[in-house]
Amino acid sequence: MKKIILLAALTVFGVATNAQTAKKVVKKEAAKVETPKVDGAGMVFENETIDYGTLPHNAEGTREFVLTNNGNKPLTIESTQGSCGCTVPTKPEKPIQPGEKGVIKVHYATDRVGAFTKTVTVKSNAVGQETKVLTIKGTILPDAPAEATPTKS
């Protein structure tokens with residue numbers, strides 16, 4: 001009787017261990033996400049919105065949109081245009097080869113206080129998305145008021 005109970009306990013324990021191992025394998029496989037391939041030039045951004053968060057007045061205002069050419073032909077960024085003069089994008093000068101990454105830099109003028117949401121329009125030779133609109137947003141805080149200095153009487 002003791003042998004049967006011990007054997008049953010070992011079998012159940014072994015199954016639980018295998019089930020835990022199988023779950024770990026599934027998680028690792030689910031983490032792999034492949035970028036769909038495009039026939040021609042392709043353009044996939046890591047993020048299409050950059051949230052600056054809350055920044056102090058006159059803080060560093062440059063951020064980067066990172067993209068990958070998921071096509072089989074070179075990707076050319078023809079132009080980048082900010083929605084106003086306070087948003088200045090810079091495009092890659094050279095074509096981005098298939099499988100390579102590129103960067104579109106964006107500078108927002110952080111001398112403007114308050115909440116903002118601006119766009120950057122990207123024109124390229126990407127198949128099916130010749131025009132792409134990216135977004136930046138955040139809030140710029142006003143300068144802290146200077147402390148009053150006591151006056152002498």
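Rules of the game
Residues numbered from 1 in each chain as written. Predicted model: local features only at pLDDT ≥ 70, side-chain atom pairs only at ≥ 80, totals over all residues. Heavy atoms only, no water. Helix = DSSP H or I, 4+ residues; strand = E, 2+ residues; numbered from the N terminus. Buried < 20%, exposed > 50% of the residue type's maximum accessible area, 1.4 Å probe, protein only. Contact = heavy atoms within 4.5 Å. Pairing = 2+ DSSP bridges. Salt bridge = Lys/Arg side-chain N within 4 Å of Asp/Glu carboxyl O. Polar contact = N/O pair within 3.5 Å; in protein donor to acceptor, adjacent residues only side chain to side chain. Disulfide = S-S within 2.5 Å.

J.: I'd like a description of the overall build of the chain, backed by residues and values.
T.: Across its full length, the chain holds one helix and eight strands. Seen in sequence order, the chain has helices and strands lined up from the N terminus as α-β-β-β-β-β-β-β-β. For the chain, with 153 residues in total, the buried portion stands at 27%. The contacts in the chain between residues at least 6 apart in sequence include a share of 67% that link residues at least 24 apart.

J.: Hey, could you go over the sheet that holds strand β3 (residues 62-68) for me, with residue numbers and the actual values?
T.: Strands sit in the order β1-β3-β6-β5 across an open sheet of four strands; the sheet is antiparallel. Of all strands in the sheet, those with a lone pairing partner are β1 (44-45) and β5 (87-90), marking the two edges. Direction of pairing for β5 relative to strand β6 (residues 101-108): antiparallel, over a ladder of four bridges. Residue Thr90 lies in a different strand from β6, and its bridge partner there is Lys105.

J.: Please provide a residue-by-residue account of the pattern of salt bridges, values included.
T.: Within this structure, the stated rule accounts for three salt bridges. Residue Glu46 pairs with Lys101 through a salt bridge whose shortest N-O separation is 3.0 Å. Here the residue Glu46 occupies a position in the loop between β1 and β2 (49-55), and Lys101 occupies one in strand β6, the gap between them amounting to 55 residues. Residue class for Glu46 comes out partly exposed when judged on its relative accessible area of 49%. Classification of Lys101 as exposed rests on a relative accessible area of 53%.

J.: Go over the environment of Lys94 with me, naming the residues and quoting the values.
T.: One can find Lys94 in the loop between β5 and β6. Exposure remark for Lys94: the relative accessible area of 70% places this residue in the exposed category. C-alpha of Lys94 to C-alpha of Thr76: the two residues are 18 residues apart in sequence and 7.2 Å apart in space.

J.: A description of the side chain of Ser124 should follow, citing residues and the corresponding values.
T.: Following the sequence through the fold, Ser124 ends up in strand β7 (residues 114-124). Take Ser124: its relative accessible area is 3%, and that puts it in the buried class. A polar atom in the side chain of Ser124 sits 3.1 Å from the backbone nitrogen of Ala126. Residues in contact with Ser124, not counting those within four places in the same chain, are Met43, Leu75, Thr76, Ile77, Glu78, Gln129 and Glu130.

J.: Break down the state of the cysteines for me, citing the residues and quoting the values.
T.: As used here, a disulfide is simply a covalent bond connecting the sulfur atoms of two cysteines. Applying the stated criterion across every chain yields a total of one disulfide. Across the disulfide from Cys84 sits Cys86; the S-S distance is 2.4 Å. On the S-S bond that ties Cys84 to Cys86, the torsion sits near -40 degrees, and the link is left-handed. Classification of Cys84 as partly exposed rests on a relative accessible area of 26%.

Everything listed here is a matter of coordinates, which is why it stays silent on function.
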